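Read off the chains here:
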Amino acid sequence: MEREIDLAEISDGRLYGAEDLVKVGCGDCAGCSSCCRETGNTILLDPYDIWQLGCGTGLTFEALLGQGRIELRMADGVILPNLKLGENGEGCGFLNAEGRCSIHPFRPGLCRLFPLGRIYEDGGFRYFIQVHECGKKNRSKVKVKKWLGIPDIRQYEAFVLAWHDYLKKVGSQVKQAREEARMKELTMSVLKLFYLLPYEKEDFYGQFRERLSRAE
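Residues numbered from 1 in each chain as written. Predicted model: local features only at pLDDT ≥ 70, side-chain atom pairs only at ≥ 80, totals over all residues. Heavy atoms only, no water.

Caption draft 1: Examining the pairing of strand S7 (residues 124–129) more closely. Across the six residues that make up S7, a large majority, five, are buried. Sheet topology places strand S6 (residues 116–121) next to S7; six bridges connect them, and they run antiparallel. Looking at S7, one finds that Glu 121 is bridged to Gly 124. Taking the residues that link successive antiparallel strands as the turn, the S6-S7 hairpin has two residues, and the phi of Asp 122 there is positive, at about 55°. (Buried < 20%, exposed > 50% of the residue type's maximum accessible area, 1.4 Å probe, protein only. Helix = DSSP H or I, 4+ residues; strand = E, 2+ residues; numbered from the N terminus. Pairing = 2+ DSSP bridges.)

Here is the structure:
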């Protein structure tokens, strides 16, 4: 999701790579689930997230929608899924009775990233820490790639960049479309090809690249 930010206001002023250490260690969030209750509809789900959720829960995309665990909304001109949070502080539908994440091993990428953010520039992206987003004090230093906890970080980062660039391209096409039918076709094509079409359990990145080549 595109947004205008002032790094001087929300970060420590530094940009990080996957091999860098950053102060995000929070003692496994013991006794805290604030970030799982106060994020609204901002936890957008990319195809890797849906693939992981499918493998981890055994649920299809349609089943996740039907159970009210996720929902659809328009983001930057494209229809995308996001985690659905309950009202009155109930938070994410995947929180258990103890306020712990029941899908932690296969949680979405933005959940893994928090309280880090990504800034895209010069054909790539870097990480930054959002210093006002987590209330935990005296956080320890953790290497970015360990914090994310995703196997083959290079392939994952290549996917993140490709997906970002593709969504930006489709969003631009939607804005330029003059006919409503064309706008609907563009927005629905992303949903159908990258979310509704089931993924096999093996080789997500190969499946994604094949679908991306078809889309382009």
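Caption draft 2: Region of the structure containing the pairing of strand S3 (residues 78–83). Burial analysis of S3 places six of its six residues in the buried class, the great majority of the element. The side-chain alternation of S3 yields two buried faces, one formed by Val 78, Leu 80 and Asn 82 and the other by Ile 79, Pro 81 and Leu 83. In this structure, strand S2 (residues 70–75) lies alongside S3, joined through six bridges in antiparallel fashion. Each residue of the ladder has a partner; that of Glu 71, found in S3, is Asn 82. In sequence, S2 turns back onto S3 through a hairpin of two residues, with Asp 76 there showing a positive phi of about 55°.

Caption draft 3: View of the packing of helix H2 (residues 47–57) against helix H8 (residues 204–215). At their nearest, the axes of H2 and H8 sit 11 Å apart, and the two run at 135° to each other. Between H2 and H8, the angle is such that the two are oblique. Regarding H2 and H8, the two cross each other, and that crossing is right-handed. Judged by residue contacts, Pro 47, Tyr 48 and Trp 51 of H2 engage Phe 204, Tyr 205 and Gln 207 from H8. Of the residues contributing to the contact of H2 with H8, the split by class is five nonpolar, one polar and no charged. (Axes fitted to C-alpha atoms, helices over the stretch in contact; angles between N-to-C directions. Parallel < 35°, antiparallel > 145°, perpendicular 65-115°, else oblique. Left-handed = near helix turned anticlockwise from the far one by under 90°. Contact = heavy atoms within 4.5 Å. Nonpolar A, V, L, I, M, F, W, Y, C, P; charged D, E, K, R; others polar.)

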